[in-house]
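Reading the structure
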Amino acid sequence: VQVVDERGMPVRDAVVELTPNGGWRGGAIRFAERPAMAQKNVAFAPGTLIVARGSTVAFPNLDSVRHSVYSFSKAARFEIDLYGRDQTRSHSFPIAGTVAVGCNIHDQMRGYIRVVDTPFAGKTDQNGLVRLSGMTPGGYQLTVWHPQARTPGGESKRPIAVGAAPSSQKIALKLR
């Protein structure tokens, strides 16, 4: 899947999800990436993290200053008090959706956790590309999320049919 903006320029860090019609019924979802969002150079790293619903995310502080982590998002409302360098706190995410996180001390720090109910999810690279594999042929819901998308909740959804042969999709997003 390639995600581009209105001018045809690649969109980096868009989350692309394919959810089977009727939902995922294949068991536990695991991603290769460790469920962690560090605070490094007074920023969240990675800036966008994809985790399976029910995951616990670690928030290690790799900076020499203290940080907190909070969210007022519908999918997760929480607050982790200040903690220092080389300390880690964690939080579990039982509800699928988008979680915007921040630091009470450093207002410029913004991060996003996309909690998903499908193993077929990934983040676009610098070319706006993500490769999803392992789906069986059938009907799916394609969801593209980006924090700057001009859609409700930053999401764009459409039904899609997955066939036996590899295929590609190009999705154009209107960004703020």
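Residues numbered from 1 in each chain as written. Predicted model: local features only at pLDDT ≥ 70, side-chain atom pairs only at ≥ 80, totals over all residues. Heavy atoms only, no water.

**Description of the packing of aromatic side chains**
A complete count under the given rule lists six aromatic pairs for this structure. Ring centres 5.5 Å apart and planes at 90 degrees place the aromatic pair W24 and F120 in the edge-to-face group. Residue W24 is located in the loop between strand 2 (15-20) and strand 3 (38-39), and its partner F120 is located in the loop between strand 11 (110-116) and strand 12 (121-123); the two are separated by 96 residues in the primary sequence. Grouped by ring-pair contacts, the aromatic residues W24, F120 and Y140 constitute a single cluster. (Phe/Tyr/Trp six-rings, centres within 6.5 Å; stacked < 30°, edge-to-face > 60°. Helix = DSSP H or I, 4+ residues; strand = E, 2+ residues; numbered from the N terminus.)

**Considering unusual backbone geometry**
Here the bond from A45 into P46 is cis, since omega is 0 degrees, no more than 30 degrees from zero. Along the chain, the position of P46 falls in the loop between strand 4 (44-45) and strand 5 (48-52). One non-glycine residue with positive phi stands out, namely D13, at about 65 degrees. You can see D13 is positioned in the loop between strand 1 (2-4) and strand 2. Among the residues examined, D13 registers a relative accessible area of 25% and is labelled partly exposed. (Buried < 20%, exposed > 50% of the residue type's maximum accessible area, 1.4 Å probe, protein only.)

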